[in-house]
Amino acid sequence: TTKYPPSLIIYDLKTDNLLRKYVFPEDQVKQDSGFANIAVEDTDCDKTYAYAGDLGKPAIVVYSWEKNDSWRITHHYFNPDPLACDFSVKGHNFSWTDAIFGLGLSAPNADNFSTLYFHPMASYNEFSVSTEYLRNQTVADDNFDAFKLLGSRGPNAQSSVSFVDRKTGVLFYSLVNLNAVACWRTSNNKYLMKNQGRIYMNEETMVYPTDIKVDYEDNLWILSNRLPIWMYGKLDLNEVNFRVFSAPVVHAISHTACDITPRSDILEKFVNKAKNITKDIVAKVKPNSSTATKPITVLLTLSCLVRFLAT
C-alpha cells in the first residue's frame, strides 16, 4: 500500500530548512515502482540533477533542479538478469528480481558531464552512460548505444549499492552474496575480475552491506543490516545486527587492485626495505665489519624485487 507518492525532498544542511519538495508525476511512477537509490550530480548548483533508479519497474527518473521537472528513461540494461536472481545470505536462499539498483557518479569531465555507473541488483554485470544522454529524454531515446556494458563481476557476485569516490575515481560496490565490499578503479579501461579488489569481507560483521558513501573528508562509510535474515528468518537480539564501518579511502583500497599508490613509491619502499635487510644480514655475519655491502649483493636483491613486482 502506497500512502505517499515518491518525492524528492531537498534541505539546506546549514540551516535544516526545507528548500523544495518535488513529487514524482503519476505517469513516472508505475504500479510496481520502487526507488531505493539516488545519485546527485551537483558540481554546478543551478544545474543540479538527480537520478533515481526504479528497481521494480526498470527505469531512471531524472530530475532537474533548474527546470523543476523530471522525466523517465528506460533501457534494457536496467532489467534484472534471469540467471542472477538466486541469492544466498547467511543460510537463507531466496529469489529477487530487483532491477537497476547501484548508482555511482564520476567526477565531471571537461564538458561538465559525469559518467553514471549502474547495475541491476539481480545481475553480475556493470554498465555506464554519460549524463549527457540522461539530461534530455529525447537525446537518451535517440542514442540507445550510449549505454555501455563494462564487464562482469563473476559468478555469485550480485551487487546492490555502489558509489564513486570522485577524488580517486574508485567505484565501491557491495557483494551481497559474499558478505563483502569490493572496488574497481574507473581509470582502468577494462572491467575484469582481476582488476577488481576486495576491500572488506566478513561472514559475521558484513552480512548484507546495504549502503556505501564517501564523505567530503575522503572517508569511506559502509552500513550492514542483515535484511534477508529479518525477512526470511528472525533477528537474534543478542547479536549485533546493524553496523557502521568507516575508513579513509586510501587505507581501504591499499594493497588491492584499486590501490592508487604510484608504482615508483612501492618500488622505493621495497628497495629501502631490502637495503635494511641486507645490512642486518651483514651485521650478523660480520659483527665487527662496517654496514657497507658489496654492490653485487644489492644488485641481486634489486633483481629479485623487480621480478617480484613484475608478477
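Procedures and definitions
- Residues numbered from 1 in each chain as written.
- Predicted model: local features only at pLDDT ≥ 70, side-chain atom pairs only at ≥ 80, totals over all residues.
- Heavy atoms only, no water.
- Phe/Tyr/Trp six-rings, centres within 6.5 Å; stacked < 30°, edge-to-face > 60°.
- Lys NZ or Arg CZ within 6 Å of the ring centre and 35° of its normal.
- Helix = DSSP H or I, 4+ residues; strand = E, 2+ residues; numbered from the N terminus.
- Buried < 20%, exposed > 50% of the residue type's maximum accessible area, 1.4 Å probe, protein only.
- Pairing = 2+ DSSP bridges.

Asks: Just to check I follow, could you spell out the packing of aromatic side chains for this structure?
Replies: The geometry of two aromatic rings is summed up by the distance between their centres and the angle between their planes. Per the stated rule, a full pass over the model turns up 16 aromatic pairs. Plain terms: the ring middles of Phe 94 and Trp 96 are 4.7 Å apart, the flat faces sit at 50° to each other, and that makes the pair tilted. In textbook terms, an aromatic cluster arises when at least three aromatic residues are bridged by ring pairs, as seen for Tyr 77, Phe 78, Phe 118, Phe 127 and Phe 147. Over the face of the ring belonging to Trp 65 we find Arg 20, whose NZ or CZ atom lies 3.6 Å from the ring centre. Above the plane of the ring of Tyr 173 lies Arg 153, whose end atom (NZ or CZ) is 6.0 Å from the centre.

Asks: In this structure, what is going on with unusual backbone geometry? I would like to understand it.
Replies: Of all residues except glycine, most have a negative phi; of all peptide bonds, most are trans. A positive phi is found at Lys 90, a non-glycine position, where the angle reads about 55°. Turning to its location among the elements, Lys 90 is positioned in the loop between β7 (86-89) and β8 (92-95). For Lys 90, a relative accessible area of 34% gives the class partly exposed. Phi is positive for Tyr 208, close to 60°, though the residue is something other than glycine. Topologically, Tyr 208 is positioned in the loop between β16 (196-201) and β17 (209-214).

Asks: Before we go on, may I ask you to explain the pairing of β17 in this structure?
Replies: A regular strand places its side chains on the two faces of the sheet in alternate fashion. Relative to strand β18 (residues 219-224), β17 runs antiparallel, the two being bridged by 5 bridges. Opposite Asp 211, over in β18, you have Leu 223 as the bridge partner. Where β17 folds back onto β18 in an antiparallel hairpin, the turn is made up of 4 residues, including Asp 218, whose phi is positive at roughly 65°.

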